[in-house]
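Fold and contact review
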Amino acid sequence: QVQLVESGGGLVQAGGSLRLTCAASGRAFSTVTAGWFRQASQKEREFVAGIRRYGSTTTYYADSVKGRFTISRDTAKNTVFLQMNSLKPEDTAEYYCAAAEDYGFPRDTSSYNYWGQGTQVTVSS
């Protein structure tokens, strides 16, 4: 079992930055693929970014955030981060951290086994 807790959300102006944090307990984060998803009001939950398991630093992103967002992992702190730069109003959503047993590059919600409770990000224009 993996328990995930997100933090770092808030209100920011367009063009600004935020860093989301996902702290894991119950298991080493390096043994699972970690991902960030978001869900805007009245929309489906969508993939944002992922980082593969077992020491790999391979990351992958949704096209909508590529070049603006960066996912990273601190193995010693058992934590995954999402650095979000050049934020846009369309980035406004509830952001969720997730963990998957999948060995590939999972982007669909059904591939993820564990979820955090979410943290709200609001970008004003």
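Residues numbered from 1 in each chain as written. Predicted model: local features only at pLDDT ≥ 70, side-chain atom pairs only at ≥ 80, totals over all residues. Heavy atoms only, no water.

1. Concerning the overall build of the protein chain
As a reminder, the rule being used: Put simply, DSSP H or I for four residues or longer makes a helix, DSSP E for two residues or longer makes a strand, and each gets a number counted from the N terminus. The reference for a compact globule is 2.2 Å times residues^0.38; the radius of gyration itself is calculated from the C-alpha atoms. Only protein chains enter the area calculation, which uses a 1.4 Å probe; residues under 20% of their type maximum are buried, those over 50% are exposed, and those in between are partly exposed. By the convention used here, residues are in contact when the closest approach between their heavy atoms is within 4.5 Å. Residue exposure ignores everything except the shown protein chains as possible cover, and the areas themselves are Shrake-Rupley values with a 1.4 Å probe. Charge assignment in this entry is limited to Lys and Arg as positive and Asp and Glu as negative, and neither His nor the chain termini are counted. In plain terms, the charge of a residue is placed at NZ if it is Lys, CZ if Arg, CG if Asp and CD if Glu.
Within the protein chain, the secondary structure is distributed over zero helices and 11 strands. Listing the helices and strands of the protein chain from first to last along the sequence gives β-β-β-β-β-β-β-β-β-β-β. By the compact-globule yardstick of 14 Å for 125 residues, the protein chain fits well, its C-alpha radius of gyration being 13 Å. The principal-axis extent of the C-alpha atoms belonging to the protein chain is close to 40 × 30 × 25 Å. Per-residue burial over the protein chain gives 47% buried out of 125 residues. In the protein chain, of all internal contacts separated by at least 6 residues, the share reaching a separation of at least 24 is 59%. Carbon and sulfur atoms provide 47% of the accessible area of the protein chain, an area that totals close to 6,100 Å². Here the protein chain contributes 13 positively and 11 negatively charged side chains, and the mean placements of these two sets differ by 5 Å.

2. Overview of the packing of aromatic side chains
Convention followed: Only rings of Phe, Tyr and Trp enter the pairing, Trp through its six-membered ring, and a pair is recorded when the two centres are within 6.5 Å. The plane angle decides the type: under 30 degrees is stacked, over 60 is edge-to-face, the rest tilted. Here, a charge over a ring is recorded when the distance from Lys NZ or Arg CZ to the ring centre is within 6 Å and its angle to the ring normal is within 35 degrees.
A full pass over the atoms with the stated rule returns six aromatic pairs. Aromatic side chains F37 and F47 sit 5.7 Å apart centroid to centroid with 80 degrees between the ring planes, which places their arrangement in the edge-to-face category. Separated by 10 residues along the polypeptide, F37 in strand β4 (residues 33-39) and F47 in strand β5 (residues 46-51) bring together distant segments of the chain. For the pair formed by F37 and F47, the shared burial category is buried. Taking 6.1 Å as the distance between ring centres and 55 degrees as the angle between the ring planes, the aromatic pair formed by Y112 and W115 counts as tilted. In this structure Y112 comes out as buried when scored by relative accessible area, which is 5%. Across from the ring centre of F81, 4.1 Å away, lies the NZ or CZ of R19, which sits over that ring. The ring of W115 carries R45 above its face, with NZ or CZ at 4.9 Å from the centroid.

3. Some details on the sheet that holds strand β3 (residues 18-25)
For clarity, the cut-off: By definition, two strands form a pair when at least two bridges between them are found by DSSP. Helix axes are fitted only over the stretch in contact, all axes being lines through C-alpha atoms; the angle between N-to-C directions runs from 0 to 180 degrees.
Read from one edge of the open sheet, four strands run β1-β3-β8-β7, paired in antiparallel fashion. Both outer strands of the open sheet, β1 (3-7) and β7 (69-74), are each paired with one neighbouring strand and no more. Along the sheet, successive strands turn relative to each other by an average axial angle of 15 degrees, direction set aside. Sheet topology note: the β1/β3 ladder contains five bridges and is antiparallel.

4. A word on the pattern of salt bridges
Selection rule: Here, a salt bridge means any Lys or Arg side-chain nitrogen found within 4 Å of an Asp or Glu carboxyl oxygen.
Scanning the model with the defined rule gives five salt bridges in all. Residue E101 is joined to R27 by a salt bridge in which the shortest nitrogen-to-oxygen separation is 2.7 Å. Of the two residues, E101 sits in the loop between β9 (93-100) and β10 (114-115) while R27 sits in the loop between β3 and β4, which places them 74 residues apart along the sequence. For the salt bridge of D63 with K66, the shortest nitrogen-to-oxygen distance reads 3.2 Å.

5. Some thoughts on the state of the cysteines
Our working rule: Whenever a pair of cysteine sulfur atoms sits within 2.5 Å, that pair is classed as a disulfide.
Applying the stated criterion to the full structure yields one disulfide. The disulfide that involves C22 links it to C97, with 2.1 Å between the sulfurs. Taking the sign of the S-S torsion, -80 degrees for the link of C22 and C97, the bridge is left-handed. Of the two residues, C22 is situated in strand β3 and C97 in strand β9; the sequence distance between them amounts to 75 residues.

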